[in-house]
Protein chains: 2
Amino acid sequence: MVEKAAAPLRADAERSVRAILEAAERVLAVDPGASMEQIAVAAGVARTTIHRRFANRQALIEALATSAARQLAQAVDDGRPDTAPPLVAMHRITANVLQVKGAWTFALSQGDDPDSEAAALQLDIARRCVAVLARAQADGLIDEKADLDWVRRVYYALIGESLHGGDDSDTDPDTLAARIIDTLLHGAGPRA
Amino acid sequence: MVEKAAAPLRADAERSVRAILEAAERVLAVDPGASMEQIAVAAGVARTTIHRRFANRQALIEALATSAARQLAQAVDDGRPDTAPPLVAMHRITANVLQVKGAWTFALSQGDDPDSEAAALQLDIARRCVAVLARAQADGLIDEKADLDWVRRVYYALIGESLHGGDDSDTDPDTLAARIIDTLLHGAGPRA
DNA sequence: CGAAGATGCAACAGCTCTGATGCAGTTACC
DNA sequence: GGTAACTGCATCAGAGCTGTTGCATCTTCG
């Protein structure tokens, strides 16, 4: 209801919505059970304002997930997954995704409702991800016998792990992306 | 207070505690914000009984995390990480850990309080994990230049991903463990 | 068997969160 | 500049969860 944008929001209202979504991400990432009040304070907004824009807590979270998924899809697109050479695409996409996922940890950790827009986006992203991997496979970068869906899952896991970032002094997306792809393709074993 | 076992619990009481912990895992895995009442029902116990054994919700969760961490440590020990050949140890440990982590998803996903017993156990487990990797490295299974802490994190991530189990028709721990170790050591790239 | 321990049940007070409403003041937009 | 939208604030009722207590009953264990 809220997202359908049947009636275009006024400029200040749109600003509020953005502030609320960003605050929700910040607050819920720390405490997933945080109250609407806490989110409101973090957003510099009255609690009632949140309720005016989002009927439920769930509606808010759904909007949050959708917003983040859209940005994630954009991050993938920006890497030119269909045209750039596979290795280049993978590197760029990884670096982009790392930034988005880092900024929307909570939003992207929500198990999306199967028939939500967020879920559809995630599915499409996975599809394009596998497509890139298939191109890499065609180029001989990935073993021809490899199960691409498993490779994709490993790829996701490596990204997730990189974000937890232990005592990584190195948080440069490009550096992290390089390590992810290197690990994905070669593992930890000895180099030839 | 509850865990110190200063006063050994009566047999029926201990049974209750186990039932509560197992129910808590089951219920909280589905809904981390579930109420004590829901847990009590799932445990076949009155809510007041839970409060008699665990002062807080937090105390319950802490006990849950500690219990699971102990089982995890046991799973590692059972793989003879210090004596068995590295590859054998890794495989056995992985298979064992998969089972424990699968059964205690929620408990082991809690970010443990830094000075809790659970945290100490997790730290010890990580230490022993790196030790096994170091032995594998000495055997030439892992590149000599590899950052073992990163390798350990990748290993953890692969285990976690394997548990999410997409449409894996194959849920046999040994099969999954084999894939994990293969991926960890060789990645997805073409084989020699 | 008997005492100590454990449990279920019912009831209670206290707290927090939710969602809604009315109103007065401000802000954006035509 | 005026209207419509937006917001903050105060307030409200309702709901749910928590943690505790008292008491009667059942179970364990010596």
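Residues numbered from 1 in each chain as written. Chains lettered and ligands numbered in written order. Predicted model: local features only at pLDDT ≥ 70, side-chain atom pairs only at ≥ 80, totals over all residues. Heavy atoms only, no water.

### As for the overall build of chain A
Now for step 1: Summing up its helical and strand segments, chain A has eight helices and zero strands in all.
Now for step 2: Considering only C-alpha atoms, chain A reaches an extent of 60 × 40 × 25 Å along its principal axes.
Now for step 3: Out of the 192 residues in chain A, the part that is buried amounts to 43%.
Now for step 4: Sequence separation of at least 24 residues holds for 64% of the intrachain contacts in chain A that already meet a minimum separation of 6.
Now for step 5: As displayed, chain A has an accessible area near 10200 Å², and 53% of this comes from carbon and sulfur atoms.
Now for step 6: Averaged over its 21 positive side-chain charges, chain A has a centre that lies 6 Å from the centre of its 28 negative ones. (Helix = DSSP H or I, 4+ residues; strand = E, 2+ residues; numbered from the N terminus. Buried < 20%, exposed > 50% of the residue type's maximum accessible area, 1.4 Å probe, protein only. Contact = heavy atoms within 4.5 Å. Areas by Shrake-Rupley, 256 points an atom, 1.4 Å probe, with all protein chains shown as cover. Lys, Arg positive; Asp, Glu negative; His and termini not counted. Charge placed at Lys NZ, Arg CZ, Asp CG, Glu CD.)

### Comments concerning the interface of chain B and chain A
Now for step 1: Across the boundary between the two partners, chain B contributes 27 residues, which contact 27 residues of chain A.
Now for step 2: Counting each side, the surface lost to burial between chain B and chain A is near 2100 Å², with a carbon and sulfur contribution of 53%.
Now for step 3: Looking at the side of chain B facing chain A, the largest losses of area belong to B:W150, B:R153 and B:A188, adding up to 31% of the total buried there.
Now for step 4: With its nearest N and O atoms 3.1 Å apart, the salt bridge here joins A:E161 to B:R153.
Now for step 5: One can count 14 residue pairs in polar contact (both at pLDDT 80 or more) joining chain B with chain A.
Now for step 6: Per-element accounting of the side of chain B that touches chain A gives the leading share, eight residues, to helix α8 (residues 148-164) of chain B. (Buried area = accessible area lost by both parts, 1.4 Å probe. Salt bridge = Lys/Arg side-chain N within 4 Å of Asp/Glu carboxyl O. Polar contact = N/O pair within 3.5 Å; in protein donor to acceptor, adjacent residues only side chain to side chain.)

### A short note on the protein's contact with DNA strand D
Now for step 1: In the neighbourhood of DNA strand D, 24 residues make up the surrounding shell, with A:R10, A:S16, A:T49, A:R52 and B:R10 lying closest.
Now for step 2: Protein-proximal atoms of DNA strand D, defined as those within 4 Å of the protein, fall in sugar or phosphate at a share of 55%.
Now for step 3: Within the contact set of DNA strand D, a phosphate oxygen lies 2.8 Å away from a side-chain nitrogen or oxygen of A:R53.
Now for step 4: A distance of 3.1 Å separates a phosphate oxygen of DNA strand D from a polar backbone atom of B:M36. (Near = heavy atom within 4 Å.)

### Overview of the protein's contact with DNA strand C
Now for step 1: Contacts to DNA strand C come from 25 residues, most closely from A:R10, B:R10, B:S16, B:T49 and B:R53.
Now for step 2: Atoms of DNA strand C within 4 Å of the protein belong to the sugar or the phosphate in 55% of instances, the rest to bases.
Now for step 3: In the model, a phosphate oxygen of DNA strand C is placed 2.8 Å from a nitrogen or oxygen of the B:R53 side chain.
Now for step 4: Every element with two or more residues in the surface near DNA strand C is listed here: α1 (11-30) and α3 (47-53) of chain A together with α1 (11-30) and α3 (47-53) of chain B.
Now for step 5: Broken down by element, the residue count for the surface near DNA strand C peaks at five residues, all from α3(B).

### Considering the UniProt feature "domain: HTH tetR-type" (unreviewed entry) in chain A
Now for step 1: With numbering aligned to this structure, UniProt lists the feature "domain: HTH tetR-type" (unreviewed entry) at residues 14-72 of chain A.
Now for step 2: In this annotation, residues 14-72 of chain A is assigned 81% helix and 0% strand; the end-to-end C-alpha distance for the span is 21 Å. (UniProt positions renumbered as here; feature names shortened; annotations may be inferred.)

### Description of the environment of B:L148
Residue and element names in this part refer to chain B.
Now for step 1: Within the secondary structure, L148 sits in helix α8.
Now for step 2: Classification of L148 as buried rests on a relative accessible area of 13%.
Now for step 3: Taking the C-alpha atoms as reference, L148 lies 9.2 Å from A131; in sequence the two are 17 residues apart.
Now for step 4: Once residues lying within four places of it in the same chain are set aside, the contact partners of L148 are V130, L133, A134, Q137 and I142.

### Regarding the nonpolar core
Now for step 1: Grouped together as the largest cluster of nonpolar side chains are 118 residues, with contacts concentrated most on A:I50, A:L60, B:I50 and B:L60.
Now for step 2: Setting aside anything within four residues of it in sequence, one finds B:I50 in contact with B:I20, B:M36, B:I39, B:A40, B:V45 and B:L60. (Core = buried A, V, L, I, M, F, W, Y, C linked by side-chain atoms within 4.5 Å.)

### Quick notes on the packing of helix α5 (residues 86-103) of chain B against helix α7 (residues 117-138) of chain B
Residue and element names in this part refer to chain B.
Now for step 1: Between α5 and α7, the shortest axis-to-axis distance is 9 Å and the interhelical angle comes to 145 degrees. Where α5 crosses over α7, the handedness of that crossing is left-handed. Here α5 contributes P86, M90 and I93 to the contact with α7, which in turn contributes V132, L133, R135 and A136.
Now for step 2: Residues belonging to the contact of α5 with α7 are distributed by class as follows: six nonpolar, no polar and one charged. (Axes fitted to C-alpha atoms, helices over the stretch in contact; angles between N-to-C directions. Left-handed = near helix turned anticlockwise from the far one by under 90°. Nonpolar A, V, L, I, M, F, W, Y, C, P; charged D, E, K, R; others polar.)

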